[in-house]
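# Residue-level structure breakdown
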Amino acid sequence: MSAWTTRPETFRDVADVRRVLQAAFPTAQEAELVDALRRDAAWLPGLAWVAEEPGGRVVGYALLTRCHVGEPPAPALALAPVAVLPAFQRRGVGEAVTAAALHAAEQAGERLVIVLGHPEYYPRFGFTRASRFGIGVSFEVPDEALMALVLDVGADVPRGVVRYPAPFGV
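Below you will find a few notes about this structure. Keep in mind the model is a prediction, meaning the values are calculated, not measured. (Residues numbered from 1 in each chain as written. Predicted model: local features only at pLDDT ≥ 70, side-chain atom pairs only at ≥ 80, totals over all residues. Heavy atoms only, no water.)

### Comments concerning the overall build of the chain
The secondary structure content of the chain amounts to 3 helices and 9 strands. When the helices and strands of the chain are placed in sequence order, the string is β-α-α-β-β-β-α-β-β-β-β-β. A compact globule built from 170 residues would reach a C-alpha radius of gyration of about 15 Å, and the chain, at 15 Å, matches this within 12%. For the chain, the C-alpha atoms occupy an extent of roughly 45 × 35 × 30 Å along the three principal directions. In the chain, which comprises 170 residues, the proportion classed as buried is 46%. A separation of at least 24 residues holds for 66% of the contacts in the chain among residues at least 6 apart in sequence. About 8600 Å² of surface is accessible on the chain, with carbon and sulfur atoms providing 53% of the total. Positive and negative charge centroids in the chain, built from 16 and 19 side chains respectively, lie 3 Å apart. (Helix = DSSP H or I, 4+ residues; strand = E, 2+ residues; numbered from the N terminus. Rg over C-alpha atoms; globule rule 2.2 N^0.38 Å. Buried < 20%, exposed > 50% of the residue type's maximum accessible area, 1.4 Å probe, protein only. Contact = heavy atoms within 4.5 Å. Areas by Shrake-Rupley, 256 points an atom, 1.4 Å probe, with all protein chains shown as cover. Lys, Arg positive; Asp, Glu negative; His and termini not counted. Charge placed at Lys NZ, Arg CZ, Asp CG, Glu CD.)

### A look at the packing of helix 1 (residues 14-24) against helix 2 (residues 29-38)
As a packed pair, helix 1 and helix 2 sit with axes 8 Å apart at the nearest point and diverge in direction by 145°. On helix 2, the residues that touch Val-14, Val-17, Arg-18, Leu-21 and Gln-22 of helix 1 are Glu-30, Ala-31, Glu-32, Val-34, Asp-35 and Arg-38. By residue class, the composition of the contact of helix 1 with helix 2 is 5 nonpolar, 1 polar and 5 charged. (Axes fitted to C-alpha atoms, helices over the stretch in contact; angles between N-to-C directions. Nonpolar A, V, L, I, M, F, W, Y, C, P; charged D, E, K, R; others polar.)

### Quick word on the nonpolar core
Counting 44 residues, the largest nonpolar core has Tyr-61, Leu-64, Leu-79, Val-113, Tyr-122 and Phe-127 as its most contacted members. The contacts of Leu-79, once residues within four sequence positions are left out, are Ala-62, Leu-63, Leu-64, Thr-98, Val-113, Ile-114, Val-115, Tyr-122 and Phe-127. The next biggest cluster of nonpolar side chains, apart from the first, holds 15 residues, and it includes Ala-76, Ala-78, Leu-112 and Phe-133. (Core = buried A, V, L, I, M, F, W, Y, C linked by side-chain atoms within 4.5 Å.)

### Focus on the pairing of strand 4 (residues 74-84)
Across the 11 residues that make up strand 4, a large majority, 10, are buried. Alignment of strand 3 (residues 58-69) against strand 4, held across 9 bridges, turns out to be antiparallel. By the bridge assignment, Ala-62 is partnered in strand 4 with Val-82. The antiparallel hairpin formed by strand 3 and strand 4 contains 4 residues in its connecting segment, where Gly-70 sits at a positive phi of about 75°. Relative to strand 5 (residues 112-116), strand 4 is paired through 2 bridges, and the arrangement is parallel. Among the inter-strand pairings, Ala-78 is bridged to a residue of strand 5, identified as Ile-114. In this view, the connection linking strand 4 to its parallel neighbour strand 5 by way of helix 3 (residues 93-107) has right-handed handedness. (Pairing = 2+ DSSP bridges. Right-handed = clockwise from strand over helix to strand, strands pointing away.)

### Looking at helix 3
The end-to-end C-alpha separation of helix 3 is 21 Å, in line with the 21 Å expected for 15 residues at 1.5 Å each. Restricting attention to buried positions, one finds in helix 3 the residues Val-93, Gly-94, Ala-96, Val-97, Thr-98, Ala-100, Ala-101, Leu-102, Ala-104 and Ala-105. Residues of helix 3 that are buried make contact with strand 1 (5-8), strand 2 (43-52), strand 3, strand 4, strand 5 and strand 8 (146-150). Downstream of helix 3 by a residue or two, Gly-109 has a phi angle that is positive, lying close to 90°. (Expected span 1.5 Å × (residues − 1).)

### Let's talk about the pairing of strand 5
Summarising burial for strand 5: 4 of the 5 residues are buried, a large majority. As defined by bridge partners, strand 5 adjoins strand 8 across 5 bridges and the pair is classed as antiparallel. For Ile-114, the partnering residue across the bridge sits in strand 8 and is Ala-148.

### Comments concerning the environment of Leu-79
With respect to the element layout, Leu-79 can be found in strand 4. With 43 residues separating them along the chain, Leu-79 and Ala-36 place their C-alpha atoms 15 Å apart.

### Considering the side chain of Glu-9
Tracing the backbone through its elements, the reader meets Glu-9 in the loop between strand 1 and helix 1. With a relative accessible area of 15%, Glu-9 lands in the buried category. At a separation of 3.3 Å, a polar atom in the side chain of Glu-9 contacts the side chain of Tyr-61. The residues contacting Glu-9, other than those within four sequence positions of it, are Val-17, Arg-38, Trp-43, Ala-48, Trp-49, Val-50 and Tyr-61. (Polar contact = N/O pair within 3.5 Å; in protein donor to acceptor, adjacent residues only side chain to side chain.)

The following block contains the structure:
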C-alpha cells in the first residue's frame, strides 16, 4: 500500500502543480506546457493526477492528454509530464501517481498510451518499445526511449507516427 494519496487534479491544484513542475525540471517549459494543454482540446477531464503527502500537500503529478497515432488517426494518450518534488523523489511518489493515472485511463476505456521517457523507469508499468508496434515519432529519439502501453489487449494497436497536441510543439 502506498503512503501517497492520489486523486484527479482539481482547479484548486493548478498553482501547486505548477510549483511541482518548476521544482522538478530545470526550466519552466513543462509548467508552461501543462498550462497550454489545459486550454487545448487534447485535455481530458479526469486524466491529470496529483499525489499528496500525508499532510495533504501536492508532491507529484502525472498528465495524460489526447494524441493520435497513424493514418487515419487513431486516438491514444500521451503521458507527459510526470513530475515529483525533488525532496520526494525516489520514494514511490512518481510510481503511485503514474499508476493512478494509467488506471484511470484504462477505466475510461482508453486503449493506448505513449511515453517518451527513461527506458529503465517506465517498463515497470508495462511500457515496451513503441517500435515493436510500428509506432514512431517525426523527430529523432532513441528507440528505447519511445514506449507504448497497450491498455486494451484485445484491440488492434494502431501503427504509424504519433501526432502530439499542438502545445508540445512537435
